[in-house]
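Fold and geometry: a report
Residues per chain, in single letters:
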Amino acid sequence: MWKELALRMLAGVENLTHRGQSPVVFVPRLNLGVGGPRTFMALLVEGLRKRGMRVTSNRMVRADAAIIPISAPPGMIREWKSRGTLIVQRLDGLFYDASNGVYNAHRNHDAAVLYKELADVVVFQSRYSQSQCSWFMGEPGTVWQTVILNGTDPARFSPGDRQCPSVNTGGWKMVSTGNFRDASMVVPVVQALDQLWLERQDFRWTMIGPVSFSGHAAWMSRPYLAHMADASRAEIAAALKGSDLFVYAFLNPNCPNSVIEAGAAALPVVGFGSGAMQELCGYNSELLASMPDRVIHVESDLDPQKLLACIRLCLAEYTVFRARAMAQREAFGIDRAVDAYAETIQNRLLSRPLLS
């Protein structure tokens, strides 16, 4: 009750202060973490403010537009629409069973209501995200839809100066970042690296981020593996800069920030050709293990032997893949993404008056 009252009082101040000025955009406050939407949304807020937009996380403020990551209570969205707020739904992936690809209608209920009924604009994080949402939910209820890939801070996530590794420099340094909540994000990599370790012991693999899937302890004790359960953004950037290649296993990723950050650091990304990986890392497509030609992949589609072949290829022809990654790193910058969001919002607001 007191929190609600405080929000209303602050909203009254903001409404008076912002009246008649530049567009006010609501973006929910999200806590920072490793990977996921939180990191990108913080950069988006900073970028919109730099472009003269006023951003608020107070849901009581009369915003001209609201960017909704995936879903929000439909009742709240209907109330905003009644005030003339432009609803921009930013869609990542949807909830489904990774083992069999079955859609979870209950967990996706609010996202589906926004998608089919309430959103004025739908922003997909990749062409694959658009395909996945269409596969599970059909076409959106609005004709205003666009694809905007994520971006990151290229000053923070920048290349290191490591040359082709040797035993004298500690060997090859592989790295992975993220929230390792599913076995499919770890087990195929360990299975591939276990076999590689039998052939050569000149590499190390660092995992950065929480590991929470059932039975994970059995996979975490390896002579080549080091795990950091928690790390700051600066520590993650330093780890990427000091590594040689990024290893990534994920089913149907829509636009993972972990891969975006690795791309900005000019690391060759070795993984599976699932989801949006070809969109993001197609310049080194040989390093993406082939997957069945389907929209939704399941755990049994991940072949550790194919991943191992890609890792071997990256080590054997590293200078080629590193040079390609270096040439593409600018594409992962945040400015491109922020400009696209700002343009999308401003163009749609032109057809309606700003709130007075």
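Residues numbered from 1 in each chain as written. Predicted model: local features only at pLDDT ≥ 70, side-chain atom pairs only at ≥ 80, totals over all residues. Heavy atoms only, no water.

**Points about the overall build of the chain**
Formally: Each helix is a run of DSSP H or I of at least 4 residues and each strand a run of E of at least 2, with the numbering of both proceeding from the N terminus. Accessible area is worked out with a 1.4 Å probe on protein chains only. A residue is then buried under 20% of its type maximum, exposed over 50%, and partly exposed in between. Note on definitions: a residue-residue contact is assigned when non-hydrogen atoms from the two residues lie within 4.5 Å. Accessible surface is estimated by sampling points in the Shrake-Rupley manner with a 1.4 Å probe; for residues, cover comes only from the protein chains shown.
Assigned secondary structure in the chain consists of 13 helices and twelve strands. In the chain, buried positions account for 51% of the 356 residues. Restricting the contact set of the chain to residue pairs at least 6 apart, pairs at least 24 apart contribute 70%. When the accessible surface of the chain is totalled, it reaches about 15800 Å², and 53% of it is carbon and sulfur.

**Quick notes on the confidence of the model for the chain**
Keep this limit in mind: Across the chain, each position has a pLDDT score giving the predictor's confidence in that residue, from 0 to 100.
Counting all residues, the mean pLDDT for the chain is 90, and 89% of those residues have values of 70 or more. Within the model, the stretch residues 2-14 combines pLDDT values under 50 with 13 contacts to residues more than four positions away or in other chains.

**Focus: the pattern of salt bridges**
Oppositely charged side chains may form a pair once their charged atoms are brought near each other. The cut-off we apply is this: Each reported salt bridge corresponds to a side-chain nitrogen of Lys or Arg within 4 Å of a carboxyl oxygen of Asp or Glu.
As enumerated under the stated definition, the model contains 14 salt bridges in all. Arginine 83 is the salt-bridge partner of glutamate 79, the closest N and O atoms lying 3.4 Å from each other. Taking relative accessible area as the criterion, glutamate 79 reaches 47% and is therefore assigned partly exposed. Note that glutamate 279 is salt-bridged to arginine 127, the shortest N-O span being 3.9 Å.

**Structural notes on the sheet that holds strand β5 (residues 121-124)**
Short version of the rule: Strands were regarded as paired on the criterion that DSSP finds at least two bridges between them. The axes used here are C-alpha line fits, helices contributing only the stretch in contact, and every angle between their N-to-C directions lies in the interval 0 to 180 degrees.
Read from one edge to the other, the open sheet built from six strands follows the order β2-β1-β3-β4-β5-β6, with strand pairing classed as parallel. Where the open sheet ends on each side, the last strands, each with one partner, are β2 (54-56) and β6 (145-147). For this sheet the average axis-to-axis angle between neighbouring strands, irrespective of direction, equals 20°. Pairing geometry for β5 and β6, over three bridges, is parallel. Within β6, the residue paired with phenylalanine 124 across the bridge is valine 147.

**Concerning the sheet that holds strand β10 (residues 245-248)**
The six strands lie next to each other as β9-β8-β7-β10-β11-β12, forming an open sheet whose pairing is parallel. A single partner strand is all that each edge strand has here, and the edge strands are β9 (225-228) and β12 (288-289). Where strand β8 (residues 203-208) meets β9, four bridges bridge the pair, whose relative direction is parallel. Note that in β9 the partner of isoleucine 208 across the bridge is methionine 228. The strands touched by helix α6 (residues 187-199) within the sheet are β7 (172-177), β8, β9, β10 and β11 (269-272), with β8 carrying the most contacts at an inclination of about 165°. Packed onto the sheet, helix α11 (residues 304-316) meets β7, β10, β11 and β12 and runs at close to 165° relative to β11.

**Points about unusual backbone geometry**
Unusually for a residue other than glycine, isoleucine 70 sits at a positive phi of about 75°. Here the phi dihedral of asparagine 252 falls at roughly 55°; this positive angle occurs in a residue that is not glycine. Secondary-structure assignment places asparagine 252 in the loop between β10 and α9 (257-264).

**Focus on the nonpolar core**
Rules: We define the nonpolar core as a collection of buried residues of types Ala, Val, Leu, Ile, Met, Phe, Trp, Tyr and Cys that are connected through side-chain atoms lying within 4.5 Å of one another.
Among the nonpolar cores identified, the biggest contains 65 residues, and Met174, Leu193, Trp205 and Phe246 are the most heavily contacted of them. The element contributing the most residues to this core is α6, with seven residues. Contact partners of leucine 193, with chain neighbours within four places excluded, come to Met174, Phe203, Trp205, Tyr224 and Ile311. Formed by 24 residues, the second largest nonpolar core is a distinct cluster that contains Phe40, Leu48, Leu86 and Ile345.

**Some thoughts on helix α12 (residues 318-328)**
Note the following rule: Regarding the arc, it is the one traced by the directions from the helix axis to the C-beta atoms.
Along α12, the residues classified as buried are Tyr318, Phe321, Arg322 and Ala325. Along the axis of α12, the buried residues cluster in a sector spanning 100°; they form a single face. Across α12 from its buried face, at more than 90 degrees, point the exposed residues Thr319 and Ala327. Next to the buried residues of α12 lie β7, α9 and α11.

**Comments concerning the side chain of asparagine 108**
In this fold, asparagine 108 is placed in the loop between β4 (86-91) and α4 (109-118). The residues contacting asparagine 108, other than those within four sequence positions of it, are Leu94, Phe95 and Tyr103.

**A short note on the side chain of aspartate 301**
Here aspartate 301 shows up in the loop between β12 and α11. With residues up to four places along the chain from it excluded, the contact list for aspartate 301 reads Met291, Pro292 and Arg294.

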